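# A look at the structure
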Amino acid sequence: MAEVARNIGVHEMTLRNWLKKAKESGGDESAGQDLTDSERAELERLRAENAELKMQVAFAKKVATWFAKDQR
């Protein structure tokens, strides 16, 4: 569970909550269904956007660290 949460970029507890809600709402019924073309396209777009945002956050952290060291 922890590894999956890290891989998708969410906190482990968030993933647990999502799974719990999916089970409570009967989310297991659609687990084997394929995505439509539009859903697949949106998923690919969101994954690309997520990767871009992760890179931006990593860069911002490095810049903040650099500025913090420079201020000392």
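This write-up is about the structure you can find in this document. (Residues numbered from 1 in each chain as written. Predicted model: local features only at pLDDT ≥ 70, side-chain atom pairs only at ≥ 80, totals over all residues. Heavy atoms only, no water.)

## Overview of the overall build of the protein chain
Broken down by element type, the protein chain carries 3 helices and 0 strands. Here the C-alpha coordinates of the protein chain stretch approximately 55 × 30 × 15 Å along the principal axes. Across the 72 residues that make up the protein chain, the buried fraction comes to 3%. Here the protein chain has roughly 6,600 Å² of accessible surface; of this, 55% comes from carbon and sulfur atoms. Considering the protein chain, the positive charge centre built from 13 side chains and the negative charge centre built from 13 side chains are found 11 Å apart. (Helix = DSSP H or I, 4+ residues; strand = E, 2+ residues; numbered from the N terminus. Buried < 20%, exposed > 50% of the residue type's maximum accessible area, 1.4 Å probe, protein only. Areas by Shrake-Rupley, 256 points an atom, 1.4 Å probe, with all protein chains shown as cover. Lys, Arg positive; Asp, Glu negative; His and termini not counted. Charge placed at Lys NZ, Arg CZ, Asp CG, Glu CD.)

## Focus on the packing of aromatic side chains
If you walk through the whole model with that rule in mind, you get 1 aromatic pair. Here Trp66 and Phe67 contribute two aromatic rings whose centre-to-centre distance is 5.0 Å and whose plane-to-plane angle is 75°, an arrangement assigned as edge-to-face. (Phe/Tyr/Trp six-rings, centres within 6.5 Å; stacked < 30°, edge-to-face > 60°.)

## Quick word on the pattern of salt bridges
The final tally for this structure, using the stated rule, is 2 salt bridges. Between Glu12 and Arg16 there is a salt bridge, and its shortest N-O distance comes to 2.6 Å. You can see Glu12 and its partner Arg16 sitting in helix H2 (residues 12-24), 4 residues apart, about one turn around the helix. By relative accessible area, Glu12 is classed as partly exposed at 27%. Taking relative accessible area as the criterion, Arg16 reaches 38% and is therefore assigned partly exposed. In this structure, the salt-bridge partner of Arg45 is Glu49, at a minimum N-O distance of 3.2 Å. Here Arg45 pairs with Glu49, and both are found in helix H3 (residues 37-70), just 4 residues apart, close to one helical turn. On the basis of relative accessible area, Glu49 is assigned to the partly exposed category, the value being 38%. (Salt bridge = Lys/Arg side-chain N within 4 Å of Asp/Glu carboxyl O.)

Geometry only, nothing functional implied.
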